[in-house]
Amino acid sequence: MKLSHRISNITGGGSDGWAVHYRALALRAAGVPVILLSMGEHDTRTDPSILDAMHDAARAGNTGYSPVVGFDSLRDAVADRIQTRTGVPTGRDNVIIVPGGQAALFATHHAVCDPGDTALFIDPYYATYPGTIRAVGATPRAVLAHADNGFQPRRADLAAAAPDAKSLMINSPNNPTGAVYTPQTMDDIADTCRDHDLWLISDEVYDTQVWEGRHISPRALSDMADRTLVVNSLSKSHAMTGSRVGWVCGPPDVIHAIHNLATHNTYGVAGFVQDAAVFALAQGTAAEEAVAAPFRRRRQLVLDALAGQNVVRAAPISGAMYAMLDIRATGLTGDAFAEALLDAERIGTMPGESFGAGGAGHIRVAMTVADDLLVDALRRIATFAASRCAP
Ligand code: PMP
């Protein structure tokens, strides 16, 4: 029996880019000590107080179906957070609770793209982006953000890709590049969307991890609220990746449409998880800063470890839990460098090419291991890179 074209085509037939990571895992399973810098997940777990809230909610009986759109208490808490952070009037009608940012990316594309529409995204990109677009029957089109422009997309490249497109997806702070889009970049993005009548899908899951500059939510830019759908979750901000709780924020008619989708798809998010999310958000920004603190500290450690040499250059690490390292001075591709680094030094990284053409000649390092391991790995990466340079 033949599967649908839509589901068969999700991966686009390309490699998934995880070859080095899987090889590193296999080495580790065989007892070889490997420093794994390929995992985009905190090395801390959900705070016990949030787990207590989850437990208490479940024990109190919140284990049945919950409203598909989310509890009013959580929709209100999310709307308050958004309004406080952006100044844009936001109420519960602007918010639907979904099982994580990934579900939100799918739902938003499903809501705005018809089969055959072109959906833009920025390359380098988070691994699931093109597949999410294909999963709704649309066609992904990459807009390159160049390393030499600090991985900020350029206005001319956006404008060139936009004319027949339906939507544009952005992610700032960015995985994998660590870029935080400047006010100028955000203005260029907003202008492109207005000029070409595009929906803007803004993935803001790293909005609590900003080390340089400030996070701008494009929904707050003039005349953008009606065409912007913000995707966010508690995965990164509260180390709640496994709880699967996030949201879409946008105009009420879009939220209504996504509610309809959720009724036929996820049927909502576990009530006890939503209660834990209300508790987590009530802890305010101090709790978010505590979760972000190790990455803020390690970012500086990465910069210090790379100081005094110029073979490996870090792209600006302005936000998120990643450092994109430019290894072009070695003459190797990111793929070849990451493979050779694993063989020689037992350090697992992600080749830049696995995030798209824009990542060529780079490797991505996730700052998700203990400080001393990270510093040791960075020093060895620099020494290894120097040894690969022509004399
Ligand atoms: N967007 C980006 C850029 C991510 O890095 C991730 C997770 N790594 C997600 C979305 C999805 O996160 P979640 O579904 O856990 O909210």
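Please refer to the structure placed before this passage.
Rules and cut-offs
Residues numbered from 1 in each chain as written. Predicted model: local features only at pLDDT ≥ 70, side-chain atom pairs only at ≥ 80, totals over all residues. Heavy atoms only, no water. Helix = DSSP H or I, 4+ residues; strand = E, 2+ residues; numbered from the N terminus. Rg over C-alpha atoms; globule rule 2.2 N^0.38 Å. Contact = heavy atoms within 4.5 Å. Areas by Shrake-Rupley, 256 points an atom, 1.4 Å probe, with all protein chains shown as cover. Lys, Arg positive; Asp, Glu negative; His and termini not counted. Charge placed at Lys NZ, Arg CZ, Asp CG, Glu CD. Near = heavy atom within 4 Å. Polar contact = N/O pair within 3.5 Å; in protein donor to acceptor, adjacent residues only side chain to side chain. Nonpolar A, V, L, I, M, F, W, Y, C, P; charged D, E, K, R; others polar. Phe/Tyr/Trp six-rings, centres within 6.5 Å; stacked < 30°, edge-to-face > 60°. Buried < 20%, exposed > 50% of the residue type's maximum accessible area, 1.4 Å probe, protein only. Disulfide = S-S within 2.5 Å. Axes fitted to C-alpha atoms, helices over the stretch in contact; angles between N-to-C directions. Parallel < 35°, antiparallel > 145°, perpendicular 65-115°, else oblique. Left-handed = near helix turned anticlockwise from the far one by under 90°.

1. Description of the overall build of the chain
Then, in step 1: The helix and strand tally for the chain stands at 13 helices and 13 strands.
Then, in step 2: For the chain, the C-alpha radius of gyration of 21 Å lies close to 21 Å, the compact-globule estimate for 391 residues.
Then, in step 3: Long-range pairs, those at least 24 residues apart, make up 74% of the contacts in the chain between residues at least 6 apart in sequence.
Then, in step 4: Summing over all exposed atoms, the chain offers an accessible surface of approximately 16200 Å²; the carbon and sulfur share of this is 53%.
Then, in step 5: Here the chain carries 32 positive and 41 negative side-chain charges, and the mean point of each set is 4 Å from the other.

2. Digging into the site of the ligand
Then, in step 1: Near the ligand, the surroundings consist of 14 residues, among which Gly-101, Asp-203, Ser-233, Ser-235 and Arg-244 are the closest.
Then, in step 2: Note that a nitrogen atom of the ligand is positioned 2.5 Å from one of the side-chain N or O atoms of Asp-203.
Then, in step 3: Arg-244 has a polar side-chain atom sitting 2.7 Å from an oxygen atom of the ligand.
Then, in step 4: Starting from 400 Å² of accessible surface for the ligand in isolation, the protein chains cover 93%.
Then, in step 5: Of the residues contributing to the shell around the ligand, the split by class is four nonpolar, seven polar and three charged.

3. Concerning the packing of aromatic side chains
Then, in step 1: Across all of its chains, the model carries six aromatic pairs by this definition.
Then, in step 2: For the ring pair Tyr-65 and Tyr-267, a centre distance of 5.4 Å and an interplane angle of 75° mean the geometry is edge-to-face. Separated by 202 residues along the polypeptide, Tyr-65 in the loop between helix H3 (48-59) and helix H4 (72-86) and Tyr-267 in the loop between helix H9 (252-263) and helix H10 (271-282) bring together distant segments of the chain.
Then, in step 3: Given a relative accessible area of 41%, Tyr-267 falls into the partly exposed group.
Then, in step 4: Plain terms: the ring middles of Tyr-126 and Tyr-129 are 5.8 Å apart, the flat faces sit at 90° to each other, and that makes the pair edge-to-face.

4. Topic: the state of the cysteines
Then, in step 1: In total, this model carries zero disulfides according to the counting rule given.
Then, in step 2: In this structure Cys-113 is a free cysteine whose sulfur lies 12 Å from that of Cys-193, the closest cysteine sulfur available.
Then, in step 3: Taking the relative accessible area as the measure of exposure, Cys-113 reaches 6% and is therefore buried.
Then, in step 4: Between Cys-249, a cysteine without a disulfide, and Cys-193, which holds the nearest cysteine sulfur, the sulfur-to-sulfur distance is 16 Å.
Then, in step 5: Taking relative accessible area as the criterion, Cys-249 reaches 0% and is therefore assigned buried.

5. As for the packing of helix H11 (residues 284-306) against helix H13 (residues 371-387)
Packed helices, taken two at a time, are described by the angle their axes make and the gap between the axes.
Then, in step 1: Between H11 and H13, the least distance of the axes is 9 Å, while the angle of their chain directions is 30°. By the criterion of interaxial angle, the relationship of H11 to H13 is roughly parallel. Between H11 and H13 the crossing geometry is right-handed. Within the contact between the two elements, H11 uses Arg-297, Arg-298, Leu-301, Val-302, Ala-305 and Leu-306 and H13 uses Asp-371, Leu-374, Val-375, Leu-378, Arg-379 and Ala-382.
Then, in step 2: Split into classes, the residues belonging to the contact of H11 with H13 amount to eight nonpolar, no polar and four charged.

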